[in-house]
Structure formats: structure tokens, C-alpha cells
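Here is how the chains run, residue by residue.
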Amino acid sequence: MNRAPRSRRYGLAAAAATALVATLVAPTTQAAAAPVPPGGGSLGANVIVLDPGMPKAEIQDRLNALAQAQAGNEFGPQRYAILFEPGSYGTAADPLVFPVGFYESVAGLGRNPGDVVINGSVNVYNQCVGGDQSQCYATTNFWRSLSNLTVNVAGQSGCYGNTDFWAVSQAAPLRRVQMNGNVTLMDYCTGSPSWASGGFIADSKFTAATVVNGSQQQFFTRNSNLDGWSNGVWNQVFCGTEGAPAQSFSTEQGASPYTTLDTCPVTREAPYLYLDDQGRYRVFVPATQRDSRGTSGRTAPPRAARSPWTTSTWSAPAPTSSRSTPPSRPAATCCSPRACTSCPRRSRSPAPAPR
């Protein structure tokens, strides 16, 4: 992608701002909100826990209904977590393909990203103002996330075929994921001009294809592994990332603007929820890392003596299932989703000193 002259880039910035305002005040093409599927039983009505024993069609229907409800719900109060228990979802012949709307946090419940495998794709697409295919943008695709799972990219056809679309603009991180196949950070299929405005990737691995940056104006990728990166627009930053492009501050026509640090000086990954071998919830609380590069460990359960992770325990078994009836009592914050009236305080083991 050729880099536009400075005057043109300022013009594009002004046009992008105008488009952003338009998306905030104009109706979108989204259909009326669909009923949200039942919640996650003992974890609460806004948590949907999926397990690999559920029929694929049922999982697909639940995810589609939730995405339709949240697709244009930019300023609504609803918040949802979609959690996948360890196992495999979808197949190459019958892939699981679903979009992620506003305020959806999608995550695997394995110890490692390879414990939850989605054969299909998890997508975020442009929004088109008033249905006008010449006014389609990703510049307001905020507030959603994907973490702690593996996607073997498959499914769909034509322009969308065999590609995972993550066309977002800020506050929409990819954390601790492995993407095997084509990934694009720009939706070049749903109308135009398809502008996108920034995002964040951490502790993630991309194999078998170059990540398409496309129209993303800026992006920050940290502690990850890449098989390639297509281009830059205004500024793409890489910190401690294997396979990142070489640093480039050139102002020559066609040059990509890359800021590339060989290692990350000080980092700490986000905690995440997982199920242990007894079906109990636990939380990994990452320790601080210094001068780090590449992804964190993937093959062995993290232990303080072997890796920069410590754990604190949530002392309850797994919820009954996503098909359970949510409890009638108000939700409470405590150590057990089954018994929230008397929760003993549990101490957390101290994190090891950074190595």
C-alpha cells in the first residue's frame, strides 16, 4: 500500500473524523435486536458457557442471536462474556463462524490457547451508515475482545472465504490467541472505504499467512509471533514480536511507518480464567516480565518455579452448564458462584520475582 502525501493524509484524517460523526448520528444497517440466549447458569445471566458436547447448531444459534443483539448496540448497557470450555468446536467440513458485537468478551477456558480450538472464524465487520455501501467503516468497532483460544481459520466463501476478519478500532484486543490461517485487520469485503483506526495484539501467534493490516491507521502488537505483516498507514508499533517488520521512519513514497523494539522493557499480561483438571475455576495472574520477546509458555501448566505465572483459586466447581436456569438471587461478588452468602477470604500466593 502506497503512503499518501502529508496533505492528502491530513485530508483523509478529516474525512475519517466526518465519517465517525456520521456513524454516531445515523442509523446503521443492523436488523432489530434478536432475543439474547439464556445465560450461564450459576455464573450469571450475562455469562454464556459453551461446552464441546453441545450440538454445533445450538452453539451457532446462540452466538448468532447474541451478535445480532449487540451488533449496533454501541451505547447500550448490556455486557456479555462468552466462555468456551476446553475442546474443539466446528470442523473443517462444518466450521463454526460467528461475529462479535459490542460488549462481547469471547474467551477460552483452557490453561493454554491450544486447549480450546475453533475450526472456523471469529469476526468483526464494517458497519455501513444507513445501508449505504459507499459509507462502510470499522472506525467505531470498539469494546469487544478475543482471548485464550486457537482458531483454525476455515469457512465462508467468495471474498470472505477462509479468512478471519478482525476489523476493529481500539478497545478491542486480541490476547493470548493462536490464529492458523488468513487474518485481516481490515474488512475489505463489506462496502467501502473500509477505514479502521487502531487496535492491540498481545501474547499471540499467527501462522500460515501474513497478517493484513490494510487500512488500519495504527496498531500495537506486543510479545507475539508473526508470519508476516502487510503494510502500515500512519504508525504500526511492534514490541518484543518475532517476525515483526524492520523499523522504518522513511518519508519516501510507499514506505511503511514501523516502530519496532526488539524486546519489551516491562510487561504484565492480563489475568484469565481457566478450568483445572477437577473442573474448578482458577485464575492465572501473570507476573511482571522484563526484556521479554515472543509469546509466553504454551505447553506446560504454568508453575511459579518454571514460568512467570502464579495462580489464585476460585474455589467452586464449574457451572452446571450454559443451559441451566440462572439463579433467582441477585449476583454477588465472592469466591463461589454456587454459595455467595458466606465466602471465606482466600490469600493469593505472592508472585515470584521477575526474571
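Residues numbered from 1 in each chain as written. Predicted model: local features only at pLDDT ≥ 70, side-chain atom pairs only at ≥ 80, totals over all residues. Heavy atoms only, no water.

(A) The arrangement of the overall build of the protein in detail. Helix and strand counts for the protein stand at two helices and 22 strands. Split into buried and exposed, the 355 residues of the protein put 52% on the buried side. Look at the contacts in the protein between residues 6 or more apart in sequence, and 65% of them connect residues 24 or more apart. Looking at the protein as shown, the accessible area adds up to about 15500 Å², and 54% of this sits on carbon and sulfur atoms. (Helix = DSSP H or I, 4+ residues; strand = E, 2+ residues; numbered from the N terminus. Buried < 20%, exposed > 50% of the residue type's maximum accessible area, 1.4 Å probe, protein only. Contact = heavy atoms within 4.5 Å. Areas by Shrake-Rupley, 256 points an atom, 1.4 Å probe, with all protein chains shown as cover.)

(B) Representation of the pairing of strand 16 (residues 235–239) within the structure. Relative to strand 16, strand 15 (residues 218–222) is paired through five bridges, and the arrangement is parallel. By the bridge assignment for strand 16, Gln218 is matched with Asn235. (Pairing = 2+ DSSP bridges.)

(C) Looking closely at the confidence of the model for the protein. The predicted model of the protein has a mean per-residue pLDDT of 80, with 72% of residues at 70 or higher. Counting interchain partners and residues more than four positions distant, the pLDDT-below-50 stretch residues 299–318 has 68 contacts. Segment residues 320–355: pLDDT under 50, and 64 contacts once partners within four positions in sequence are set aside and those in other chains are kept. (pLDDT = per-residue confidence, 0-100.)

(D) Structural detail: the packing of aromatic side chains. A complete count under the given rule lists 17 aromatic pairs for this structure. On the numbers, 6.2 Å between centres and 40° between planes, the contact of Phe102 with Tyr103 is tilted. Note on Phe102: relative accessible area 0%, which makes it buried. We classify Tyr103 as buried; its relative accessible area is 14%. Connected via pairs of aromatic rings, a cluster forms that spans Phe102, Tyr103, Phe142 and Trp143. Positioned above the aromatic ring of Tyr103 is the side chain of Arg79, whose terminal nitrogen or guanidinium carbon lies 3.6 Å from the ring centre. Of note, Arg144 hangs over the ring of Phe102, and the distance from its end group to the ring centre comes to 4.5 Å. (Phe/Tyr/Trp six-rings, centres within 6.5 Å; stacked < 30°, edge-to-face > 60°. Lys NZ or Arg CZ within 6 Å of the ring centre and 35° of its normal.)

(E) Molecular detail of the nonpolar core. Core analysis: the largest hydrophobic core is formed by 38 residues, its most contacted members being Leu50, Phe84, Phe98, Ile118, Leu146 and Trp166. In this structure, Trp166 is in contact with Val100, Val122, Val124, Arg144, Ser145, Leu146, Ala172, Pro173, Leu174, Thr184 and Leu185, ignoring residues within four places of it in sequence. Grouped together as the second largest cluster of nonpolar side chains are eight residues, Val49, Ala107, Leu109 and Leu275 included. (Core = buried A, V, L, I, M, F, W, Y, C linked by side-chain atoms within 4.5 Å.)

(F) Seen up close, unusual backbone geometry. The step from Ser192 to Pro193 runs through a cis peptide bond, and the omega angle for that step is 10°. Following the sequence through the fold, Pro193 ends up in the loop between strand 12 (182–184) and strand 13 (200–202). Despite not being glycine, Gln156 shows a phi value in the positive range, around 65°.

(G) Representation of the environment of Cys128 within the structure. For Cys128, the position within the fold is in strand 7 (residues 127–128). Expressed as a C-alpha distance, the spacing of Cys128 and Ser194, which sit 66 residues apart in the sequence, is 9.4 Å.

(H) How the structure looks around the state of the cysteines. One pass over the full model with this rule turns up three disulfides. Paired by a disulfide, Cys159 and Cys189 hold their sulfur atoms 1.9 Å apart. An S-S torsion of about -85° defines the bridge between Cys159 and Cys189 as left-handed. Remark: Cys189 occurs in the loop between strand 12 and strand 13 and Cys159 occurs in the loop between strand 9 (144–153) and strand 10 (163–165); sequence separation between them is 30 residues. When its relative accessible area of 41% is taken as the criterion, Cys159 is described as partly exposed. Covalent S-S linkage joins Cys239 and Cys264, the inter-sulfur distance amounting to 2.1 Å. Taken together, the residues span a long stretch of sequence, with Cys239 in strand 16 and Cys264 in strand 18 (residues 264–267) at a distance of 25 residues. The class for Cys239 is buried, based on a relative accessible area of 6%. (Disulfide = S-S within 2.5 Å.)

(I) Just the pattern of salt bridges, in detail. Considering all chains together, one arrives at nine salt bridges under this definition. As a salt-bridge pair, Asp277 and Arg111 come within 3.3 Å of each other at their nearest N and O atoms. In this pair, Asp277 sits in the loop between strand 19 (272–275) and strand 20 (280–286) while Arg111 sits in the loop between strand 5 (104–108) and strand 6 (116–123), placing the two residues 166 residues apart along the sequence. As a salt-bridge pair, Arg293 and Asp262 come within 3.0 Å of each other at their nearest N and O atoms. (Salt bridge = Lys/Arg side-chain N within 4 Å of Asp/Glu carboxyl O.)

(J) The environment of Val106, seen in detail. Looking at the secondary structure, you find Val106 in strand 5. As for Val106 and Ser145, which are separated by 39 residues in sequence, their C-alpha atoms are 6.0 Å apart. Residues in contact with Val106, not counting those within four places in the same chain, are Ile82, Phe84, Phe98, Val100, Ser145, Leu146, Ser147 and Leu149.

(K) Quick peek at the side chain of Gln70. With respect to the helices and strands, the residue Gln70 is situated in helix 2 (residues 56–70). Within polar-contact distance, the side chain of Gln70 engages the backbone oxygen of Phe102 at 2.9 Å. Here Gln70 is in contact with Gln78, Tyr80, Gly101, Phe102, Tyr103 and Glu104, once residues within four sequence places are set aside. (Polar contact = N/O pair within 3.5 Å; in protein donor to acceptor, adjacent residues only side chain to side chain.)

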